[in-house]
Amino acid sequence: MMLRVLLTIVAMTVTALLCGAGERHEARVAQEQVRFVAYDVIVDPVGRPLGAYQVDFAAARPGDITIVGIEGGEHPAFAQPPFYDPKALMNERAVLAAFSTDAALPEGPTLVARVHVRITGDAVPDLTVALTVAAGPGGDRFETATVTTRLAAPEGDDS
Amino acid sequence: MSNHWTQLRTVAVCVGLFVLAVGGATLVLPSCGTSTQRSNQQTSASPNEQLERDGAESPGWSARSGSTFDNVISVPKAEDSGQFELGFQQSRERLDFSGTTLGDEVEADAEPEDDRGLPWMMEQMELAQARSNEAGTPLYDDDGNLLLRPSQSQMNVVGHPDAFAFVKPSRRQALAGAHVVEERLARDQKKMPPTFELAPGEELWVIAKAGVAATPSNDDPWAARCGMLHTTLPDVTHVVPVPLEHTAVNADINGYIGAVNVKQKFHNPYSTKIEATYVFPLPQNAAVNGFVMTIGDRTIRGVIREREEAEQIYAQARARGHVASLLTQERPNIFTQKVANIEPQARIDVDITYFHTLPYRDGAYEFIFPMVVGPRFNPSASPDPIIASPNGTPNPTSATQVNYLRPTERSGHDIAITVDVNAAMPIQSLTSRSHVIHLDHYSDDQATVTLSPNDTIPNKDFVLRIDVAGADVRSGLLTHMDESGEGFFSLMLVPPSHQQALQRQPLELVFLLDCSGSMSGKPMEQSKAAMRRALRSMNAEDTFQIIRFSADASALGPAPIAATPENIAQAMDYVDRLSGGGGTMMLRGIEAALDFPHDAERMRFVVFMTDGFIGNDQQILGAVHDKLGAARIFSFGVGSSPNRFLLDRLAQLGNGAVAYLGLQDPAVDVMDAFFQRVAHPALTDIALATNGLHEVYPRRIPDLFAGRPVILTGRFQGELPESITLSARLGAEDVTMTVPVEQAGATNDALATLWARTKIADLMNMLAWTDDPQLPEAVTQLALGFDLMSKYTAFVAVDSLSVTEGDHGVSVVVPVPVPEGVRYETTVSPQVSR
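Small disclaimer: the values here were computed from a predicted structure and weren't measured.

What counts and how
- Residues numbered from 1 in each chain as written.
- Chains lettered and ligands numbered in written order.
- Predicted model: local features only at pLDDT ≥ 70, side-chain atom pairs only at ≥ 80, totals over all residues.
- Helix = DSSP H or I, 4+ residues; strand = E, 2+ residues; numbered from the N terminus.
- Buried ≥ 20, exposed ≤ 12 C-beta atoms within 10 Å, placed from the backbone.
- Contact = placed C-beta atoms within 7 Å.
- Core = buried A, V, L, I, M, F, W, Y, C linked by C-beta atoms within 7 Å.
- Pairing = 2+ DSSP bridges.
- Arc of directions from axis to C-beta.
- Axes fitted to C-alpha atoms, helices over the stretch in contact; angles between N-to-C directions.
- Parallel < 35°, antiparallel > 145°, perpendicular 65-115°, else oblique.
- Nonpolar A, V, L, I, M, F, W, Y, C, P; charged D, E, K, R; others polar.
- pLDDT = per-residue confidence, 0-100.
- Left-handed = near helix turned anticlockwise from the far one by under 90°.

Undergrad: Please clarify how the overall build of chain A should be interpreted in this entry.
TA: In terms of helices and strands, chain A carries 2 helices and 8 strands. Listing every helix and strand of chain A by position from the N terminus yields α-β-β-β-β-α-β-β-β-β. Looking at the 159 residues of chain A, the share that counts as buried comes to 29%. Pairs at least 24 residues apart make up 77% of the contacts formed inside chain A by residues separated by at least 6 positions.

Here is the structure:
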């Protein structure tokens, strides 16, 4: 009788430990499966002053990323975070647009925005970025302007 | 109200005034007791009661010709104490004033014995107004005289809610350069307790409103010492450090559309990392569509997400040490802001932007910015409560919890407000009864209004009245066409002028009074003053009933009562005996009012007076929808921070109109405006008769009452005609109205957002009485598509580049003061059952 009680207690303890371990494991996995990074969006107006732009930023595979914030750029003319199209955001696309009336406008490759994202899983997301339009302060469109994106360096990382 | 420096936010509207003599002071206040004994005899009277005894018809700013201001308060200067003790003495002066606000038209008939007295003062007031229109104007003139501005160095006079005091600097100070006194007072105000004393050569000036008796109230222990000027905080024993340092509100008003930016400045005053949680109000019709987090010189725009997803993102970012913020909506007018991983001494700003339409009531547009959520009562089994807890109470649940500062506590959180007004029509006046304001710039139709720096404690709604009563306010339709060719419009529908030619039929008035604990004190006194006025205003052929509710509900009688003099006298006695206390079982009150036997000969109007401090809003609205029948509900929001969402929605569902009775508002005027509204039949069965307009909200066009326009919003495609037509009924008559169409312009791009917000409100309304599972999904998709906050969507922002060290830290709830006039002990304290 005593043995049966003892075995029952041991079995319950092992079960509880396994369950607890399972929950902790799940929690750890949930933590590990998610990370937050940012991507720089760089527009190059190729030597002409950049007054306005619209960029389409998206993941090639839906579900890879979730956009969690949109930051302004480094140049003072585009320091304020750009506006986004909420309808595009529903499909995890960031259609970003901004204009500047500053006198001093960038003419070379310029970090105009930074997109903060949550990545689920270990895979490196396959991102696409397209320049819908880039224009000068008078609204003249640039045919040769380009846009690129790169993983932003974490704060304090000068490499 | 424990904090008398918080009372520095006085109504600041003046009519009477006086000058202090050197070495002592003289304060003129109307009808105040001439001695402490006389003062004590009046302790049971409220200002409005006193007015009624005096036979005054209105406690507003109208002239009371022949009034004698024969009470003068002497203010001996205490040498070392830093306090003033006031006594009373008879004056030889006879003063009689009328006017509106400082700087507006002021008339004076005075014979002060000092030839530098009243006429000089009036001259200075006009001079101040003239100069305040100019940027960079010095505060003082060449002779060292203070140019009067309503809030410079201002103090409240305890027991005199309609008076304020300020310090006139010495000549030496004035010549030394303006802001000496203000800076000293601002500095002293931060001391605990603050102290104040006159410097050599300074003078204390007090301005009082005519027509309001300086009668102490039972509710304010200080007020029993009629005429005292207090500059200390006897109750406050310590300052509570809070992570929310400052709120800055910047509003742009164009016509009846307001665009508002609210900047919340968070700061971690502790030595460990924290998460800050702040529950705060916004206008109930705010279309919140912008959210930006600033960390140092980096600015991150938040994105709209389904609420559950946003909460998950925030929790994950918080757990991983990222600075993140989350904005959720608990009610249409209650929001929660969370900011995670604020490191010690770090500063993080959050900017929230919204659009809204301004209500037009009785000749004025109103810009309202609520500052604090009032403590809510939650009947048992409320599905989604708003819990009122003492400061420091942890919140182990997922329910929304507001922590309130105790009467002995204050926090350093303050608020600044700037409102740029472009009324697009001549402004007759800009006034605020709730706060002291500056007019920094003023032209015929434009002005900039700022909140006084001495009136910055966020414990009551900021209400700015933009009076355009002299202007010809007409119906009009604004349009906007977006890039895809989809059109949006906003229609302001003004009642036709001939509506006022028709007289009303006999009424059945059912007065429903909230007598719960949150109403005790000043709100209850205001409610009773309004009731007394209403009882006196009924016609002989009207009938009435009075129903009170708190933890239960009871009525004056079992059936409609004829409005005979005897019955009204009996009702007056009944009202006099009412007091506030206990819970807020509003549902019982609503049921009692709507289930009450109907007087078939008359139209039933339910006059509902409440602060709306309940957590089961949806349950109440559902009951109104189910039980309304042929009745109309006219809701009156009483107090300094009423639940405007509930009150507006009650009136909307009840086919009536809403009005607000602040603590400084004349109850007589508010009730007179109600009787003016119901004195003429409403315009009913309103319908758009022009083709091409669709998805118009509110879905049921409200009835139109005299002096109360309504705003509709909708969509259209293609070209609109030059005008649109509406049909309606006025009494037994069919009428049509024609409204001109303003051409679509780029400036109206807020209309799409306002349309979506109004549609969301309409859908959410339906959830009060249906459980259609498609409604939440419809709201969600609409809110996501238009970048809007809703119950089912939230803004989240994550800084993924920086990772703070260690655990996510302690969660700190930002405690807030109870609204002005609300008693902490009857609303928050856990041992009190509400």
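Undergrad: Any chance you could explain the overall build of chain B here in plain terms?
TA: Within chain B one finds 14 helices and 45 strands. Taking the intrachain contacts of chain B between residues at least 6 apart in sequence as the baseline, contacts between residues at least 24 apart amount to 74%.

Undergrad: Would you explain the environment of R114(A) in this entry?
TA: Residues and elements named next belong to chain A. With respect to the helices and strands, the residue R114 is situated in strand β6 (residues 110–120). The exposure class assigned to R114 is buried, which follows from the 24 C-beta atoms found within 10 Å. In sequence terms R114 and A152 are 38 residues apart; their C-alpha atoms lie 7.8 Å from each other. The residues touching R114, leaving out its near neighbours within four places in the chain, are A38, Y39, D40, V41, E71 and A152.

Undergrad: Looking at this model, I keep getting lost on the nonpolar core. Mind explaining?
TA: A general tendency of soluble globular proteins is for nonpolar side chains to be buried together. All names here are of chain B. Core analysis: the biggest nonpolar cluster contains 220 residues, and F511, V607 and V796 have the highest contact counts within it. Here the element with the most residues in this core is helix α13 (residues 750–766); it accounts for 8 residues. Beyond its immediate chain neighbours, meaning those up to four positions away, F511 contacts M531, A534, F544, Q545, I546, I547 and V607.

Undergrad: Mind showing me how you'd approach unusual backbone geometry here?
TA: Leaving glycine aside, a negative phi is the common case for residues, and trans is the common case for peptide bonds. All names here are of chain B. Cis geometry marks the peptide bond from Y697 to P698, where omega comes out at 0°. Even without being a glycine, D362 presents a positive backbone phi close to 50°. Summarising the element assignment, D362 is placed in the loop between β20 (360–361) and β21 (364–369). Exposure remark for D362: the 19 C-beta atoms within 10 Å place this residue in the partly exposed category. Although it is not a glycine, N655 adopts a positive phi angle of roughly 55°. You can see N655 is positioned in the loop between α11 (644–653) and β38 (658–661).

Undergrad: Any chance you could explain the interface of chain A and chain B here in plain terms?
TA: Bring the parts together and some accessible area is lost; that lost area is often taken as the interface size. Listed per partner, the contact involves 24 residues of chain A and 25 residues of chain B. Looking at the side of chain A that touches chain B, the elements with two or more residues in it are β1 (34–44), β3 (65–72), α2 (86–89) and β6 of chain A.

Undergrad: Sorry, what's going on with the pairing of strand β17 (residues 324–331) of chain B here?
TA: As a general feature of sheets, a regular strand has side chains that alternate between the two faces. All names here are of chain B. Burial within β17 is extensive, with 7 of its 8 residues counted as buried. Inspection of the sheet shows β17 paired to strand β18 (residues 334–342) by 7 bridges, in the antiparallel sense. Each bridged residue has a counterpart across the sheet, and for L327 the counterpart in β18 is Q337. Between β17 and the antiparallel strand that follows it, β18, lie 2 residues. Note: β17 against strand β44 (residues 793–798), 4 bridges, orientation antiparallel. Across the sheet, residue S325 finds its bridge partner in β44, namely A797.

Undergrad: Mind showing me how you'd approach the environment of T753(B) here?
TA: Residue and element names in this part refer to chain B. Here T753 is to be found in helix α13. Remark: the alpha-carbon pair of T753 and V288, spanning 465 residues in sequence, is separated by 9.0 Å. Not counting residues within four places of it along the chain, the set of residues in contact with T753 comprises A287, N289, F355, F786 and L788.

Undergrad: What should I look at first to understand helix α10 (residues 617–627) of chain B in this one?
TA: Along an α-helix, residues three or four apart share an orientation, since each turn contains 3.6 residues. Residues and elements named next belong to chain B. If you check which residues of α10 are buried, you get D617, I620, L621, A623 and V624. Relative to the axis of α10, the buried residues are bounded by an arc of 155° and lie together on one face. On its buried side, α10 packs onto β17, α9 (586–595), β37 (632–638) and α11. G629, located one to two residues past α10, shows a positive phi value of around 60°.

Undergrad: Looking at this structure, I do not really get the packing of α9(B) against α10(B). What am I missing?
TA: A pair of packed helices is captured by two measures, namely the crossing angle of their axes and the spacing between those axes. Residues and elements named next belong to chain B. Interhelical geometry of α9 versus α10 gives an angle of 10° and a closest axis separation of 10 Å. Here α10 runs roughly parallel to α9, going by the angle between their axes. For the pair α9 and α10, the contacting residues are M586, L587, I590, E591, L594 and D595 in the first and Q619, I620, A623, V624 and K627 in the second. Its residues placed into classes, the contact of α9 with α10 shows 7 nonpolar, 1 polar and 3 charged.

Undergrad: What exactly am I supposed to notice about the confidence of the model for chain A here?
TA: For any part of a model where pLDDT is low, the fine detail of the predicted coordinates should not be relied upon. Mean pLDDT for chain A: 84, with 78% of residues reaching 70 or above. Long-range and interchain partners of residues 14–30 of chain A, a stretch whose pLDDT sits below 50, account for 0 contacts in this model, where long-range means more than four residues apart.

Undergrad: Looking at this structure, how should I read the sheet that holds strand β42 (residues 723–730) of chain B?
TA: All names here are of chain B. Reading across the sheet, the 3 strands line up as β39-β42-β43 and stay open at both edges, with antiparallel pairing between neighbours. Only two strands of the sheet have a single partner each, and these edge strands are β39 (683–688) and β43 (733–740). Each neighbouring strand pair of the sheet contributes to a mean axis angle of 25°, computed without reference to strand direction. Across 4 bridges, β39 lies against β42 in antiparallel orientation.

Undergrad: Hey, could you run me through the packing of α13(B) against helix α14 (residues 774–785) of chain B in this one?
TA: Residues and elements named next belong to chain B. Across the interface, α13 lies against α14 with an axial gap of 10 Å and an inter-helix angle of 165°. When the interaxial angle is binned, α13 and α14 end up roughly antiparallel. Once α13 is placed against α14, the crossing between them reads as left-handed. Where α13 approaches α14, its residues A756, K759, I760, L763, M764 and M766 are matched on the opposing element by L775, A778, V779, L782 and A783.

Undergrad: Looking at this model, I keep getting lost on the pairing of strand β33 (residues 543–549) of chain B. Mind explaining?
TA: All names here are of chain B. For β33, the buried fraction is high: 7 of the 7 residues fall into the buried class. Taking every second residue as pointing to the same face, both faces of β33 are buried, with T543, Q545, I547 and F549 on one and F544, I546 and R548 on the other. Across 7 bridges, the pairing between strand β32 (residues 507–514) and β33 is parallel. Within β33, the position partnered with V510 by the bridge is Q545. Note that β33 and strand β34 (residues 553–555) share 3 bridges and pair antiparallel.

Undergrad: So what exactly am I meant to see when it comes to the confidence of the model for chain B here?
TA: All names here are of chain B. Chain-level statistics for chain B give a pLDDT mean of 75 and a share of 69% at 70 or above. The lowest-confidence element of chain B is strand β4 (residues 87–90), averaging 22 in pLDDT; the highest-confidence one is β44, averaging 98. This model gives residues 1–166 a pLDDT under 50, and the stretch forms 360 contacts once residues within four places in sequence are excluded. Below pLDDT 50 for its whole length, residues 207–234 participates in 114 contacts with residues either more than four positions away or in separate chains. Interface confidence for the predicted complex, given as ipTM, is 0.83, next to a pTM of 0.75.

Undergrad: Would you explain the sheet that holds β3(A) in this entry?
TA: Where strands meet in a sheet, backbone hydrogen bonds hold them as pairs that are either parallel or antiparallel. Spatial ordering of the open sheet is given by β8(A)-β1(A)-β6(A)-β3(A)-β15(B)-β14(B)-β19(B)-β12(B)-β11(B)-β25(B)-β28(B)-β27(B), a layout of 12 strands whose pairing is mixed. The sheet terminates laterally at β8 (146–151) of chain A together with β27 (437–442) of chain B, the two strands that pair on one side only. Put simply, the sheet's adjacent strands are angled 20° from each other on average, direction ignored.

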